[in-house]
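Chain by chain, the residues run as shown.
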Amino acid sequence: SGNGFQGPIPDSFNNLQKLTSLSLSYNSLAGPLPPSVVNLTALVDVDIRFTLLSGPLPANASGLQELISLQITHNLLNGTLPPWLFHLPAVIFLDLAFNHFTGQLPDFTGNSSLTFVFLDHNKLQGSIPKSISTLRNLIWLDLSSNNLSGIVDLIMFLNMKNLVYLYLSSNRLVCRIDKDVSLLNLGQLGLSSCGLKEFPGFIQNSKSLSYLDLSSNNIRQIPSWLTSMAWDSLTYLNLSYNAISTPFIPPWKSITVLDVRSNQLHGPLPISICNLEVLFF
């Protein structure tokens, strides 16, 4: 990694049948991800980030039974996501963000070991399949900045007891929040542009929340319970592009960034700004 390599990944990699780790990131390698890589059945870790790979992924890579980590973010890859990505038994870390993948999300059943999934900043379409609820070991799920649509019932994440990072922002989704939703370990939540009309009540139980983005929704009121929350961890709060009318300065000493731009605020400017470093009115 970190050299000036150009051109396609050579077929000669096919000879390295005992290779377990391959890192070609931060180069100028171009062309598709060749079969010479996905045929290396001993691979455990593949890192080809920040290169110029293009074209679709191979249709079949079922031989990668030992693969734990696949990182091919920040490339020019396109086409649909092949089902084998989510059916390899050992994969824990899957990062395909910042590419040009299209089509729908495939079925998630088949790999219960997935822990980190990054599919953000692509062109994925359609709804989020209910089978995502089978990924009970998930810690990090980022589906933001795609073209996903439909109604998302957040209760589908109820079984993800370890979920800390959840990002669904900047799609065309409408999030529906059932009263039974409970994500106790949630640390960061991005629900920008999710059709919300009120604060998601389940965050009352998220004692470790540090990042909350509810921008570009239709929230009109600050709930009475919000200011009484004992959040000593919240550092970032984005409520911009809503319909909130009452000026709001959070009481938490930990918060450093508050964004309430493009609302319907009126009245006197609040004087107390706690420990804010960035304030957008």
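The notes below deal with the structure included here. (Residues numbered from 1 in each chain as written. Predicted model: local features only at pLDDT ≥ 70, side-chain atom pairs only at ≥ 80, totals over all residues. Heavy atoms only, no water.)

Notes on the overall build of the protein chain
For clarity, the threshold we go by: Numbering of helices and strands starts at the N terminus; helices are DSSP runs of H or I of at least 4 residues and strands are runs of E of at least 2. Categorising residues by exposure relies on relative accessible area from a 1.4 Å probe, with only protein chains included: less than 20% of the type maximum marks a residue as buried, more than 50% marks it as exposed, and the intermediate range marks it as partly exposed. By definition, residues are in contact when any of their heavy atoms lie within 4.5 Å. Note on areas: these come from Shrake-Rupley sampling with a 1.4 Å probe, and a residue is covered only by the protein chains present in the view.
Helix and strand content of the protein chain: one helix and 20 strands. C-alpha extents for the protein chain along the principal axes are approximately 70 × 40 × 30 Å. Residue burial in the protein chain is summarised as follows: out of 281 residues, 48% are buried. If you take every contact in the protein chain between residues at least 6 apart in sequence, the share linking residues at least 24 apart comes to 40%. About 12700 Å² of surface is accessible on the protein chain, with carbon and sulfur atoms providing 53% of the total.

Some thoughts on the nonpolar core
The criterion, for reference: We define the nonpolar core as a collection of buried residues of types Ala, Val, Leu, Ile, Met, Phe, Trp, Tyr and Cys that are connected through side-chain atoms lying within 4.5 Å of one another.
Ranked by internal contacts, the top residues of the largest apolar core, which has 81 residues, are Ile128, Ile132, Phe157 and Leu168. Residue assignment for this core shows that the elements contributing at least two residues are helix H1 (35-38), strand S13 (147-153) and strand S15 (172-176). For Leu168, the residues in contact, after removing those within four places along its chain, are Ile128, Leu143, Ser144, Val152, Leu154, Phe157, Leu173, Cys175, Gly190, Leu191, Ser192 and Cys194.

Regarding unusual backbone geometry
With phi around 55 degrees, Tyr26 is a residue other than glycine that occupies positive phi space. Relative to the assigned elements, Tyr26 resides in the loop between strand S2 (21-23) and strand S3 (28-31). Within the chain, Ser145 stands out as a residue other than glycine whose phi angle is a positive 55 degrees. Assignment of secondary structure puts Ser145 in the loop between strand S12 (140-142) and S13. Its relative accessible area of 22% is what places Ser145 among the partly exposed residues.

So, the pairing of S13
The side chains of a regular strand alternate, residue by residue, between the two faces of the sheet. Quick note on the threshold: A pair of strands counts as paired when DSSP detects no fewer than two bridges linking them.
With two bridges joining them, strand S11 (residues 125-126) and S13 adopt parallel strand pairing. In the sheet register, Gln125 faces S13, and the bridge partner there is Asn147. Alignment of S13 against S15, held across five bridges, turns out to be parallel. Counted as the bridge partner of Ile151 is Val174 from S15.

What about empty space enclosed by the protein?
Space left empty within the atom packing is revealed by a probe, the size of a water molecule, rolled over the atoms. Heads up, the condition is: Cavities and pockets were defined on a 1 Å grid built over protein atoms only: a cavity is a set of grid points that admits a 1.4 Å probe from which the probe cannot escape, a pocket is an open set flanked by protein on both sides within 12 Å along at least five of seven lines, and lining residues are those with an atom within 4 Å of any such point. Grid points are joined across faces, edges and corners, and a volume is the space filled by probe spheres set on the points. Three categories are distinguished: nonpolar for Ala, Val, Leu, Ile, Met, Phe, Trp, Tyr, Cys and Pro, charged for Asp, Glu, Lys and Arg, and polar for the others, with Gly belonging to the last.
Under the definition given, this model contains one cavity of 30 Å³ or more. Approximately 50 Å³ is the volume found for the largest cavity. In terms of lining, the largest cavity is formed by Leu33, Val37, Val38, Val46, Leu57, Leu64, Leu70, Ile72 and Trp84. Partitioning the lining of the largest cavity into residue classes produces nine nonpolar, no polar and no charged.

Here's the deal with the layout of surface pockets
Reported here for the largest pocket is a volume of approximately 200 Å³. Taken together, 13 residues line the largest pocket, and the ones lying closest to its centre are Ile177, Glu198, Phe199, Pro200 and Gly201. Its residues assigned to classes, the lining of the largest pocket comprises seven nonpolar, two polar and four charged.

Some points on the sheet that holds S11
Pairing is parallel across the open sheet formed by three strands, whose spatial order is S11-S13-S15. Looking at the sheet topology across the chains shown, the edges are occupied by S11 and S15.

A look at the sheet that holds strand S17 (residues 211-213)
Filter applied, for reference: Here an angle of 0 to 180 degrees is reported between the N-to-C directions of two axes, which are lines fitted to C-alpha atoms, with helices fitted over the stretch in contact.
The sheet built from 12 strands is open, its strands ordered S2-S4-S6-S8-S10-S12-S14-S16-S17-S18-S19-S20 with parallel pairing. Each end of this open sheet is capped by a strand with a single partner; those strands are S2 and strand S20 (278-280). Taking each pair of neighbouring strands and ignoring which way they run, the sheet shows an average axis angle of 10 degrees. With three bridges joining them, strand S18 (residues 236-238) and strand S19 (residues 257-259) adopt parallel strand pairing. Paired with Asn238 across the bridge in S19 is Asp259.

Some details on the side chain of Ser215
By secondary structure assignment, the location of Ser215 is in the loop between S17 and S18. Every residue in contact with Ser215, bar those within four places of it in the chain, is listed here: Leu191, Ser192, Ser193, Asn238, Leu239, Ser240, Tyr241 and Asn242.

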